[in-house]
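Notes for the structure review
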Amino acid sequence: MLNHIRPKNVTELLEALDKQYYHVFAGGTDLMIRKRQWQGAERKFDKDIAFISHLDELNGIEETTDSYIIKTLVTQAEMTKSDILPEYLKTPFSQMANIAIRNIATVGGNVVNAATVGDSIPVLMALDAKLVLKNIYGERTLEIDEFIQGKYKTVKKDNEILEKIIIPKVEFDGYRYKKLGQRKAGILSKLSIFIVYKKDNDDLTDIRIAIGAVNEIPIRLKEEEKKLIETKDINRYLDKLSSAINSKDDNRSTKNYREQISKRLVRKYLEEIMQGGI
Amino acid sequence: MRNITFTLNGEKVTVETTLSRRLLDVIRIDLGLTGTKEGCGEGECGACQVYLDGKIVNSCLVPMSNVIGREVQTIEGFAKTKAYEKIEKAYIEEGAVQCGFCTPGMVMATNALLKDNAHPNSKEIKESLAGNICRCTGYQTIFKAVKKIADEEEK
Ligand SMILES: Cc1cc2nc3c(=O)[nH]c(=O)nc-3n(C[C@H](O)[C@H](O)[C@H](O)COP(=O)(O)OP(=O)(O)OC[C@H]3O[C@@H](n4cnc5c(N)ncnc54)[C@H](O)[C@@H]3O)c2cc1C
Ligand code: FES
Ligand code: FES
């Protein structure tokens, strides 16, 4: 008999997780589907579940002088409606799934799930987000690229939860976001591109470029971003991007398509950005 | 099994069920309200849409643990409102219903949109209904019906 629990607070949750394995269940938009059954039948969960969506301690968006703090249970819809968050952070969330899904899908769930097509991951990588993981003994803070190790693979231990995401505040001068999928909304990305940048007069001073859904983990070439600022050499950046792409053909798209389209779009955006537009 | 209490269409109900059971099954099987439909069972088609604390959700993805103490409104509850009457009228006038399987969800999604944005443009209408699949109408009559309500509001 499976033993599903609904802990009263975070301490009770962490105590339970320390004693035995529970699958943490937030919005359930990934989990309910993975456990799909025939109509009307009980979902066939094969592990004990700990439901957490009612825990207010894990919910809310806050800001400090230097960061935005997104607690794990914040939904995609709450991200897009936030009064605190900047547009560059709201736009990608407004293009995920559809309204009904965005109302229940959590930001934390998208990150911990670590799907190749998780649209929040490239965005958070470009913004140098940090994740705070918690267990009954304490907490640790990791860079998002230390956290995600591969497709559906993270360094989270079984007795840990993701508590919150910390995003450093930067006054970017502009951003670009493009998500390509099969339908307008609600479809898994074939490819997504997220760029934020700062300029001093016409001079590029900071740029971050992340490309999602192509490799298992989003591509971000930090060293090449620095070179791009120094040299303004777009071709060099695109060559490095080509070598970084190692995706395989799959049922969402082919490698060649993704490579050609990523390069074409990134070139277009970089030309716009460097030619003084916003 | 445990007793789970929530508000359904304005009335408190208690069902004996499990934390992991889907809200959709409790609504249709335990409580006998069959206006809410099951299409895909995986969040893609919108036939199962209901309001949870006033927000539209796919009830096929919501476990009962996430419903405890909250308010659910189904198409049966929504059908008693003024907002529903307007939508029904526009759907009938534009011929936006054929087999009707998608209609309860489509109507719930239409209202969710109009509540947020009384005058949506065509692009906003399409985006808002992107989570609702219709196998019959080809969508144009549905979009027209929604546009009609939006335009009437303007007068
Ligand atoms: C129709 C549809 C369309 C979709 N479209 C998109 C899309 O366009 N882009 C996109 O990126 N995704 C999309 N998704 C996927 C999905 O909505 C997201 O991945 C969602 O953000 C997951 O959050 P959740 O709360 O629903 O996760 P859950 O299903 O509850 O959990 C997901 C995983 O994360 C773990 N987890 C969750 N929270 C925590 C925590 N705090 N601590 C530890 N572990 C945790 C769970 O154990 C589980 O393994 C779509 C899904 C559907 C059904
Ligand atoms: S049955 Fe729930 S979205 Fe299709
Ligand atoms: S009217 Fe038949 S599915 Fe929409």
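Conventions adopted
Residues numbered from 1 in each chain as written. Chains lettered and ligands numbered in written order. Predicted model: local features only at pLDDT ≥ 70, side-chain atom pairs only at ≥ 80, totals over all residues. Heavy atoms only, no water. Phe/Tyr/Trp six-rings, centres within 6.5 Å; stacked < 30°, edge-to-face > 60°. Helix = DSSP H or I, 4+ residues; strand = E, 2+ residues; numbered from the N terminus. Buried < 20%, exposed > 50% of the residue type's maximum accessible area, 1.4 Å probe, protein only. Lys NZ or Arg CZ within 6 Å of the ring centre and 35° of its normal. Domains from an automatic or database assignment. Contact = heavy atoms within 4.5 Å. Buried area = accessible area lost by both parts, 1.4 Å probe. Salt bridge = Lys/Arg side-chain N within 4 Å of Asp/Glu carboxyl O. Polar contact = N/O pair within 3.5 Å; in protein donor to acceptor, adjacent residues only side chain to side chain. Nonpolar A, V, L, I, M, F, W, Y, C, P; charged D, E, K, R; others polar. Pairing = 2+ DSSP bridges. Axes fitted to C-alpha atoms, helices over the stretch in contact; angles between N-to-C directions.

Take the packing of aromatic side chains next. Enumeration according to the criterion identifies six aromatic pairs over all chains in this entry. Pairing A:Phe25 with A:Phe51 gives two aromatic rings, centres 4.8 Å apart and planes at 50 degrees, and the pair type is tilted. Taken together, the positions of A:Phe25 in strand S1 (residues 23-25) and A:Phe51 in strand S2 (residues 49-51) put the pair 26 residues apart, joining distant regions of the chain. One exposure class covers both A:Phe25 and A:Phe51, and it is buried. Ring geometry for B:Phe78 and B:Tyr84: centres 5.8 Å apart, planes at 90 degrees, overall edge-to-face. What makes B:Phe78 buried here is its relative accessible area of 3%. One aromatic cluster is present, built from ring pairs that chain together B:Tyr51, B:Phe78 and B:Tyr84. The ring centre of B:Tyr51 lies 5.1 Å from the NZ or CZ of B:Lys115, which sits over that ring.

Bringing the domain arrangement of chain A into the picture now. Residues and elements named next belong to chain A. Its domain assignment divides chain A into domain 1 (4-53 + 60-168) and domain 2 (174-274). One C-alpha centre belongs to domain 1, the other to domain 2; they are set 25 Å apart. Listed per partner, the contact involves 23 residues of domain 1 and 22 residues of domain 2. Across the interface of domain 1 and domain 2, roughly 2,000 Å² is buried in total on both sides, 62% from carbon and sulfur atoms. Counting every contact that joins domain 1 to domain 2 gives four salt bridges. Notably, a salt bridge pairs Arg 208 with Asp 128, separated by 3.6 Å at the nearest N-O pair. Where domain 1 packs against domain 2, one counts nine residue pairs in polar contact (both at pLDDT 80 or more). At the level of secondary structure, the elements contributing two or more residues to the side of domain 1 that touches domain 2 comprise helix H4 (87-94), helix H7 (120-126) and strand S7 (148-150). The element best represented in the side of domain 1 that touches domain 2 is H7, accounting for five residues. For the side of domain 1 that touches domain 2, the class distribution of residues is 12 nonpolar, six polar and five charged.

Attention shifts here to the interface of chain A and chain B. Across the boundary between the two partners, chain A contributes 31 residues, which contact 32 residues of chain B. On the surface where chain A and chain B come into contact, there are zero salt bridges. Linking chain A to chain B there are four residue pairs in polar contact (both at pLDDT 80 or more). The set of elements that each furnish at least two residues to the side of chain A that touches chain B consists of helix H2 (31-34), helix H3 (76-81) and helix H5 (99-102) of chain A. Residue composition of the side of chain A that touches chain B, grouped by class: 13 nonpolar, 10 polar and eight charged.

All names here are of chain A. Going through the model one piece at a time under the given rule, you end up with 28 salt bridges over all chains. In this structure, the salt-bridge partner of Arg 220 is Asp 128, at a minimum N-O distance of 2.8 Å. Residue Arg 220 is found in the loop between strand S12 (203-212) and helix H9 (222-231), and its partner Asp 128 is found in the loop between H7 and strand S5 (130-135); the two are separated by 92 residues along the sequence. Between Arg 208 and Asp 206 there is a salt bridge whose closest N-O contact spans 3.2 Å. Accessibility expressed as a relative area gives 9% for Arg 208, which makes it buried.

Residues and elements named next belong to chain B. Secondary-structure assignment places Arg 21 in the loop between strand S2 (11-17) and helix H1 (23-30). The class of Arg 21 is buried, set by a relative accessible area of 13%. At a separation of 3.1 Å, a polar atom in the side chain of Arg 21 contacts the side chain of Thr 17.

Moving on to the domain arrangement of chain B. A common way to express how large an interface is: the accessible area buried when the components associate. Residues and elements named next belong to chain B. Considered domain by domain, chain B is made up of domain 1 (2-78) and domain 2 (82-154). For domain 1 versus domain 2, the separation of C-alpha centres amounts to 22 Å. Sorting the residues of domain 1 by area buried against domain 2 places Tyr 51, Ile 75 and Phe 78 first, and these three jointly supply 40% of that buried surface. Our count for the domain 1 to domain 2 interface comes out at zero salt bridges.

Below, the discussion takes up the sheet that holds strand S6 (residues 138-143) of chain A. Residues and elements named next belong to chain A. Here we have five strands laid out as an open sheet, ordered S3-S4-S9-S5-S6, and antiparallel in their pairing. Here the strands that pair on one side only, and so sit at the sheet edges, are strand S3 (61-63) and S6. Across this sheet, the average inter-strand angle for adjacent strands is 20 degrees, counted without regard to direction. Where S3 lies against strand S4 (residues 67-71), three bridges are found, and the strand directions are antiparallel. By the bridge assignment, Glu 62 is partnered in S4 with Ile 69. The strands touched by helix H1 (residues 10-19) within the sheet are S5 and strand S9 (161-168), with S9 carrying the most contacts at an inclination of about 120 degrees.

Here A:Lys232, not a glycine, exhibits a phi torsion of approximately 60 degrees, which is positive. Given the relative accessible area of 34%, A:Lys232 is considered partly exposed. The phi dihedral of B:Tyr139 is positive, around 75 degrees, even though this residue is not glycine. Position of B:Tyr139 among the secondary structure elements: in the loop between helix H5 (122-128) and helix H6 (140-154).

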